[in-house]
Amino acid sequence: TDTSICNVAFSDGNRWETPESPLLKGIQRECLLKQSTIHEARISTDDISKYKHISLFNAMIGFGEIILPITSISLRSSFWFVPLFFIKIKGTFSK
């Protein structure tokens with residue numbers, strides 16, 4: 001639900017959703033939730049394909065600076081591989 005250094009949000013083209021149970025509740029994530037820029041959602045690995053984009057962000061990387069097409073993710077075991085980042089799926093988050 002997080003990369004080694006970032007939180008994540010997924011877009012279906014209409015709204016950005018972030019996992020409701022992140023590994024780390026980052027400062028930027030909390031601000032974006034309070035502003036209703038992103039919304040918490042229960043997201044399983046089966047849901048990933050319904051999204052169009054993934055955004056990686058933290059306190060130093062602003063929301064929207066790194067947005068990748070969902071097709072850039074490949075699911076391998078309990079990790080997603082995104083170029084330059086690894087995203088660990090928390091046990092309660094995976095299917």
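In what follows, the structure referred to is the one given above.
The structure presented is a predicted model; accordingly, all values stated were derived computationally and were not measured.

**Q** Got a minute to help me understand helix H1 (residues 27-34) in this structure?
**A** Helical geometry note: an α-helix holds 3.6 residues per turn, so side chains three or four residues apart project in the same direction. For H1, every residue scored as buried is listed here: Arg29, Leu32 and Leu33. Along the axis of H1, the buried positions cluster into a sector of 100°, meaning they face one direction only. Seen from the open side of H1, the exposed residues pointing more than 90 degrees away from its buried face are Ile27 and Lys34. Buried residues belonging to H1 abut strand E2 (7-11), strand E3 (16-19), strand E4 (38-41) and strand E5 (53-57). Looking one or two places after H1, you find Ser36, whose phi comes out positive at around 60°.

**Q** Is there a simple way to think about the pattern of salt bridges in this case?
**A** Two side chains that carry opposite charge are able to pair once their charged atoms sit near each other. For the structure shown, the criterion picks out four salt bridges. A salt bridge links Arg15 to Glu17, with the shortest nitrogen-to-oxygen separation between them at 3.2 Å. Connected via shared salt-bridge partners are Arg29, Glu30 and Glu40.

**Q** I would appreciate a short explanation of the pairing of E4 in the present structure.
**A** Walk down a regular strand and you will see the side chains alternate between the two sheet faces. Across four bridges, the pairing between E3 and E4 is parallel. Paired with Pro19 across the two strands is Ala41, which belongs to E4. A crossover links E3 with its parallel partner E4, the connecting element being H1, and its sense is right-handed.

**Q** Can you walk me through the nonpolar core in this structure?
**A** Soluble globular proteins tend to bury their nonpolar side chains together. Ranked by size, the top nonpolar core spans twelve residues in total: Cys6, Val8, Phe10, Ala41, Ile43, Ile48, Tyr51, Ile54, Leu56, Ile61, Ile70 and Ile73. Listed by contribution, the elements that provide at least two residues to this core are E2 and E5. Not counting residues within four places of it along the chain, the set of residues in contact with Ala41 comprises Glu17, Thr18, Pro19 and Glu20.

**Q** Honestly, the packing of aromatic side chains in this entry has me stumped. Any pointers?
**A** To describe a pair of aromatic rings, you give the distance between the ring centres and the angle between the ring planes. Evaluated as defined, the whole model comprises three aromatic pairs. Between Phe10 and Tyr51, the ring centres sit 5.3 Å apart and the planes meet at 35°, which makes this aromatic pair tilted. Highlighted residues: Phe10 in strand E2 and Tyr51 in the loop between E4 and E5, separated in sequence by 41 residues. In terms of burial, Phe10 and Tyr51 fall into one category: buried. Look at Trp16 and Phe63: their rings are 5.3 Å apart centre to centre, the planes differ by 85°, and that puts the pair in the edge-to-face class.

**Q** Help me understand the pairing of E5, please; the structure alone is not making it clear to me.
**A** Among the five residues of E5, four are classified as buried, and the element is accordingly described as predominantly covered. As paired elements, E2 and E5 share five bridges and run antiparallel to each other. What sits directly across from Ala9, in E5, is Ser55. The pairing of E5 with strand E6 (residues 66-69) spans four bridges and is antiparallel. Across the sheet, Ser55 pairs through a bridge with Ile67, a residue of E6.

Scoring rules and cut-offs
Residues numbered from 1 in each chain as written. Predicted model: local features only at pLDDT ≥ 70, side-chain atom pairs only at ≥ 80, totals over all residues. Heavy atoms only, no water. Buried < 20%, exposed > 50% of the residue type's maximum accessible area, 1.4 Å probe, protein only. Helix = DSSP H or I, 4+ residues; strand = E, 2+ residues; numbered from the N terminus. Arc of directions from axis to C-beta. Contact = heavy atoms within 4.5 Å. Salt bridge = Lys/Arg side-chain N within 4 Å of Asp/Glu carboxyl O. Pairing = 2+ DSSP bridges. Right-handed = clockwise from strand over helix to strand, strands pointing away. Core = buried A, V, L, I, M, F, W, Y, C linked by side-chain atoms within 4.5 Å. Phe/Tyr/Trp six-rings, centres within 6.5 Å; stacked < 30°, edge-to-face > 60°.

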